[in-house]
Amino acid sequence: MSSISVTTERRAARHRMSVRLTALAVGATCAFGALAMTTPAMADDPASLSGVILGVGANETQRIVTWYSSVDSAQSVQLAPTSALVGGAFPADASTFSAAGAANIATSGGFNRHATLTGLAENTTYSYRVGSEGSWSPTYSFATQSFDGDYDFLFYGDPQIGASGNVGKDQAGWEDTLNVSLAANPNAELLVSGGDQVETANTESQWTAFLAPDKLRQYPWAATIGNHDVGGKAYEQHLYTPNTDRSGAFYNDGNPAGARSGGDYWYIYKDVLFIDLNSNSYATAQGGGGDAAHLAYVTDVINQHGDEAKYKVLVYHHAIYSPADHAKDADNKVRRVDFPTAFSNLGVDVVLQGHDHSYSRSYLIKNSEKADPAEQPGAADVYPGPGGVLYVTANSASGSKYYDLTAPDGSGTSGAGNGADPLNPSSYWYNSVQNQEHVRTYVKVQVRSDKLVVENVRSGDCSAPNAAVELGKVAWCGPGNGSSPAQPVGSVVDSVTVHPYQGSGQSIQVAVPDAAPGEFGWTIDGYNGLVDLGTAVEHDGDYFEAAGQINPITVTDSRSSHAPWSVSASVGDFKDGAKSFSGANLGWTPKLVQAGAGATAGESVVSGYAGGGSGLSISRGLGSASQGHDKGTAKLGADLDLKIPGDVAKGSYRATLTITALSS
């Protein structure tokens, strides 16, 4: 503590300095871009809320929540850090994101809602609920991780709930795959869809089963339209997506206002630019823009945003390089001619596909041909060079339906052909690995600074839940067409490391970690003793005057943010027992005892005695630094000027000077 004392011949005034550091909490106000519903709420009919799913946002700081409501009312998502909830109750300052939506065009009736959560912080666990006051859903949670650096995402092929004919068994297999894959990879950050969430587009019982797993409310689902999803609006109503172009070109009938789902969309998550296409629209004869429209879209997105990410990953449903029932489909042969050269020219790294209910990993494909004829089947490491693209087809994630591998023919080993691989004649020319064991699998993708690692992992075996096996839809189960026992859950079917092409020169990379936060603080220099103003001197019987200096204050700022700071102070009344006089009589002249940390001295403040001013009875600036200042240390001082009214009774007076430090 530092104290100030002053003594006059008739009286003495003493001033004690006490120190208080006040932290400034800087808050951010969210701007909510979503449209609030204008239809009045039906207060007498609380909403029944269902189908809640967490979706991917435009980047790491966003998520999209979609749900169904039985009531056409104004609804929202309420969000808060889980640590802020007390006894499960949301705090008064929880963020609220207004929802948009409309009446459903589906057999379920009801209404759909969605809201985009923005401004998320990294490494934070959030709780959220949907609805409105008096009609909230249960509380769900999700966690963000670092917004930079390595991460994993999981890719799931065709849950297609209802495909086996038994929705309950399909749901059980789907839920088990999610649980198994996320138990093995709890820090996975995205769940990416290969399409065909359900068997029948507008059958809500199938959607209910697909959405049943709690993991879909905890991890963001990046949706993809499959051929079984496209025939109704339920897909769009359940799975709202960011940056979505819903113009007619991206609907297979060319009519966004019609009864079908559609649209292409993109998002960036850390080092990956994802572009998701509605591959159901592939021919202009259908009414949409066909493959040409998709290629124009991909080109435009990559031209605008390709430099914002290290990797480019495309996702669509209809596998153009696959090993089973759909390998020779006429529409896939069209795409196989239309897509590959453009993807090679645009620098696409990986293409993720579904539709064929079997697993395959292609050779590196460049311009519709095998990029390197010498690349060996099942190679553990591949080096794309300029233009090489890896295509992956995911097997069934639910076990509702499997397709068996089919045989090559004599139609050629490039372009649209389905000829045999010269290095492995039982496989198609384009596939490095083909697999079907009639067990559930998922694909894990590890995104690293210098490579992508793609693995196909077993999430089930021949035992339940495995609907196609349980119901006799397939005749065997296990590797080698059932000739070997099923491998353990969690075992790896296939793994490949993709070492992307870095250009003709040498690429240099450096990882910059989060800057050390540094510190901002201040102390009273040396011993904080009494600031003794001595004995006040009388002036013509009108007032007494005393002068001195505060103990210097040392300010240290080592923060990398170079954020502004300020130090100010105010003084209370001078008191001696029941006697007092106003602190407004104290003035000062701030000064820099030692320059540093961008410090500048505050303005002089005159004693309020003569002019009736406030002096230091209100907060006054001692010193400050602006945004962008240098790191360092400064010492702030001030010359004190105290004028005491002549009618103040004799005594020894003290007051407390409260110092406040403010910083972003």
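Each remark here, short or long, concerns the structure printed above.
Below or above, wherever it landed, is the structure these notes cover. Small disclaimer: the values here were computed from a predicted structure and weren't measured.

Considerations on the overall build of the protein
So, step 1. When helices and strands are counted, the protein shows nine helices and 43 strands.
So, step 2. Computed over the C-alpha atoms, the radius of gyration of the protein is 35 Å, more than 25% above the 26 Å expected from 2.2 N^0.38 for a compact globule of 664 residues.
So, step 3. With the C-alpha coordinates of the protein rotated into their principal frame, the extents come out at 115 × 70 × 45 Å.
So, step 4. Taken across its 664 residues, the protein has 53% of its residues classed as buried.
So, step 5. By sequence separation, contacts in the protein at least 24 residues apart represent 75% of the contacts at least 6 residues apart.
So, step 6. Carbon and sulfur atoms make up 50% of the accessible area of the protein, which amounts to about 25800 Å² in all.
So, step 7. Treating the 41 positive side-chain charges of the protein as one cloud and the 66 negative ones as another, the clouds have centres 7 Å apart.

A closer look at the packing of aromatic side chains
So, step 1. Applying the stated rule across the entire model yields 28 aromatic pairs.
So, step 2. Between tyrosine 321 and tyrosine 430, the ring centres sit 5.0 Å apart and the planes meet at 50°, which makes this aromatic pair tilted. Residue tyrosine 321 is found in the loop between β17 (311-318) and α5 (330-338), and its partner tyrosine 430 is found in the loop between β25 (424-428) and β26 (431-435); the two are separated by 109 residues along the sequence.
So, step 3. Tyrosine 321 sits in the buried class, given a relative accessible area of 0%.
So, step 4. On the accessibility criterion, tyrosine 430 (0% relative accessible area) is buried.
So, step 5. Here tyrosine 428 and tyrosine 430 contribute two aromatic rings whose centre-to-centre distance is 5.4 Å and whose plane-to-plane angle is 5°, an arrangement assigned as stacked.
So, step 6. On the basis of relative accessibility, which here comes to 0%, the residue tyrosine 428 falls in the buried class.
So, step 7. Connected via pairs of aromatic rings, a cluster forms that spans Tyr151, Phe153, Tyr265, Tyr267, Tyr269 and Phe274.

A few points about α5
So, step 1. Where α5 is concerned, the buried positions are Asp331, Asn332, Arg335 and Arg336. Down the axis of α5, the buried side of the element spans an arc of 145°, and every buried residue falls inside it.
So, step 2. Residues of α5 that are buried sit in contact with α4 (290-305), β17 and α6 (340-345).

Some thoughts on α4
So, step 1. Here α4 is 16 residues long and its end C-alpha atoms lie 23 Å apart, about the 22 Å a rise of 1.5 Å per residue gives.
So, step 2. All buried positions along α4 are accounted for by Gly290, Asp291, Ala293, His294, Leu295, Tyr297, Val298, Val301, Ile302 and His305.
So, step 3. As for α4, its buried residues are in contact with β15 (265-269), β16 (272-276), β17, α5 and α6.

Some details on the pairing of strand β41 (residues 632-645)
So, step 1. As paired elements, strand β33 (residues 543-549) and β41 share seven bridges and run antiparallel to each other. When the sheet's bridge partners are listed, tyrosine 543 is paired in β41 with proline 645.
So, step 2. Two elements, strand β38 (residues 586-594) and β41, share eight bridges in a ladder whose sense is antiparallel. Paired with proline 590 across the strands is alanine 638, a residue of β41.

Observations regarding the side chain of histidine 317
So, step 1. Summarising the element assignment, histidine 317 is placed in strand β17.
So, step 2. Discounting residues that sit within four places of it in the chain, histidine 317 has contacts with Asp158, Gly194, Gly195, Asp196, Thr224, Ile225, Gly226, Asn227, Ser279, Gln353, Gly354 and His355.

Re the environment of serine 70
So, step 1. Note that serine 70 resides in the loop between β4 (63-69) and β5 (76-81).
So, step 2. Sequence separation of serine 70 and alanine 634 is 564 residues, and the distance between their C-alpha atoms is 63 Å.
So, step 3. If we ignore the near neighbours within four places in the chain, the residues touching serine 70 are Pro46, Ala47, Ser48 and Phe111.

Description of the nonpolar core
Nonpolar side chains in soluble globular proteins tend to end up buried together.
So, step 1. If you look at the biggest cluster of nonpolar residues, it comprises 36 residues, and the most contacted ones within it are Trp565, Val567, Trp588 and Leu622.
So, step 2. Per-element accounting of this core gives the leading share, six residues, to β41.
So, step 3. Membership of the second largest hydrophobic core comes to 32 residues, among which are Tyr311, Leu364, Leu390 and Val392.

Regarding unusual backbone geometry
So, step 1. With omega at 0°, the peptide bond leading from alanine 464 into proline 465 counts as cis.
So, step 2. Tracing the sequence through the fold places proline 465 in the loop between β28 (452-458) and α7 (467-470).
So, step 3. Its identity is not glycine, yet asparagine 123 carries a phi of approximately 55°, on the positive side.
So, step 4. Mapping asparagine 123 onto the fold places it in the loop between β8 (111-117) and β9 (125-132).
So, step 5. Taking the relative accessible area as the measure of exposure, asparagine 123 reaches 55% and is therefore exposed.
So, step 6. One non-glycine residue, histidine 355, adopts positive backbone phi at about 80°.
So, step 7. Its location among the elements puts histidine 355 in the loop between β18 (350-354) and β19 (359-362).
So, step 8. Histidine 355 sits in the buried class, given a relative accessible area of 6%.

The rules we used
Residues numbered from 1 in each chain as written. Predicted model: local features only at pLDDT ≥ 70, side-chain atom pairs only at ≥ 80, totals over all residues. Heavy atoms only, no water. Helix = DSSP H or I, 4+ residues; strand = E, 2+ residues; numbered from the N terminus. Rg over C-alpha atoms; globule rule 2.2 N^0.38 Å. Buried < 20%, exposed > 50% of the residue type's maximum accessible area, 1.4 Å probe, protein only. Contact = heavy atoms within 4.5 Å. Areas by Shrake-Rupley, 256 points an atom, 1.4 Å probe, with all protein chains shown as cover. Lys, Arg positive; Asp, Glu negative; His and termini not counted. Charge placed at Lys NZ, Arg CZ, Asp CG, Glu CD. Phe/Tyr/Trp six-rings, centres within 6.5 Å; stacked < 30°, edge-to-face > 60°. Arc of directions from axis to C-beta. Expected span 1.5 Å × (residues − 1). Pairing = 2+ DSSP bridges. Core = buried A, V, L, I, M, F, W, Y, C linked by side-chain atoms within 4.5 Å.

Read these as layout, nothing more, since geometry by itself doesn't imply function.
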